[in-house]
Amino acid sequence: QEQRDIDALRRYRIAPETLRAFLRAAASHYVDNPYHNFEHAFDVTQTVFVLLFRYDLARHLQPIDHFAMLVAAVCHDLGHPGKNNAFQVAARTNVARIYNDVSVLENFHASTTFQLLDVPATNLLANLSADEYRMVRKLIIEAILATDMAKHFEITVNFQNRLHNGKPLSPDSLDDRIDIIRVILKAADISNVIKPIDVAVMWTDRVANEFFAQGDFERRHHMTVAPHLDRTKGTHSKVSTGFIAFVARSFFVSVAEFIGDAGAELIENIDALNAHLSERAKLERPQTLEEIAAGTVFTAGGGGAELQRVPPPAAATTDD
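Residues numbered from 1 in each chain as written. Predicted model: local features only at pLDDT ≥ 70, side-chain atom pairs only at ≥ 80, totals over all residues. Heavy atoms only, no water.

**Re the pattern of salt bridges**
Item 1. Scanning the entire structure with this criterion turns up 19 salt bridges.
Item 2. Among the ionic pairs, Arg59 bridges to Asp56, the shortest N-O distance being 3.7 Å.
Item 3. With relative accessibility at 37%, the residue Asp56 sits in the partly exposed group.
Item 4. Salt bridges here are not isolated pairs; linked through shared partners, they connect Lys138, Glu142, Asp179 and Arg182. (Salt bridge = Lys/Arg side-chain N within 4 Å of Asp/Glu carboxyl O. Buried < 20%, exposed > 50% of the residue type's maximum accessible area, 1.4 Å probe, protein only.)

Here it is in structure tokens:
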């Protein structure tokens, strides 16, 4: 029977009202972005739980890891401004200065997590022993920092090597557990593409909307716009088919291998999504600068026939 409770409240002596206060506080720190919002955090948390218990990756870990991972999932994008690390560095924002241009947002999210956990009313860790606290803190930080996409290929290659070096991953090895924790939260964070197709399309379109909004902002402020953020060079569907081809599929092949036979459905889902988006891409085209200047943006699946007029963008600051 699928596990539905990690028994964290009893095991770590957490009062239900503390958990409720923590979740409310976490939700209040999320911004109303198209993608990086509390719905995404909730989705990632649920996906972590599914990977742990439906796909039984929990067997490779210890109970304290399950707890740390779920806290990390809830908090992994706290305060995300809807503009990526490259933007933070290029715009010389305060958060980029604080974290010296290194995993800027991920460091910010992890730091904000422990600011919440330092408040008595929202402190899930108040009754942990000193050793338990140090371990949970380490695991939360490792998990959140692993969601930096700049580390994607390093984490992927390391995990592939660990799967094939002939030495089984062990729940008795902290290094092995950290490797697994990184992969699970990373998988949950980019799990849009392995969901059933109706759910997957909704999330992938939200990603494209947020990416293109950043690109539009950068264009207005005479900043360099990366191709995958530029609606004059790409489309909603191509944002995700490119991500699947160059980033996600090979990673999830390794995750599916680690899961075992049940992992095959992840690859079936990602291939079905890719086929759907490849067909939809035939209906789409990039936009012209004139269309953008007029306040007209294409909807997903729209190539000129389907248009949505939006009001001119409000003035925005480059700082968080």
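Back to the text.
**A short note on empty space enclosed by the protein**
Any empty space left between atoms is shown by rolling a water-sized probe over those atoms.
Item 1. Per the stated rule, a full pass over the model turns up two cavities of 30 Å³ or more.
Item 2. Lining the second largest cavity, in full, are Leu51, Leu57, Phe159, Ile180, Val183, Ile184, Ala187, Val255 and Phe258.
Item 3. Elements represented by at least two residues in the lining of the second largest cavity include exactly α10 (174-189) and α12 (236-259).
Item 4. No other element matches α10, which puts four residues into the lining of the second largest cavity. (1 Å grid on protein atoms, 1.4 Å probe; cavity = no way out; pocket = protein on both sides within 12 Å on 5 of 7 lines; lining within 4 Å. Points joined across faces, edges and corners; volume = space filled by probe spheres on them. Helix = DSSP H or I, 4+ residues; strand = E, 2+ residues; numbered from the N terminus.)

**Brief notes about helix α4 (residues 63-75)**
Item 1. Compared with the 18 Å implied by 1.5 Å per residue over 13 residues, the 19 Å span of α4 between its first and last C-alpha is a close match.
Item 2. Taken across its 13 residues, α4 has twelve buried, putting it largely inside the fold.
Item 3. Among all positions in α4, only Ile64, Asp65, His66, Phe67, Ala68, Met69, Leu70, Val71, Ala72, Ala73, Val74 and Cys75 are buried.
Item 4. Those residues of α4 that are buried lie in contact with α1 (8-11), α2 (16-29), α3 (38-54), α7 (104-117), α8 (130-145) and α10. (Expected span 1.5 Å × (residues − 1). Contact = heavy atoms within 4.5 Å.)

**Considering the environment of Thr113**
Item 1. Locating Thr113 in the fold gives a position in helix α7.
Item 2. Once the C-alpha coordinates of Thr113 and Asp148 are considered, the two residues, 35 residues apart in sequence, prove to be 16 Å apart.
Item 3. Residues in contact with Thr113, not counting those within four places in the same chain, are Cys75, Leu78, Ile140 and Ile144.

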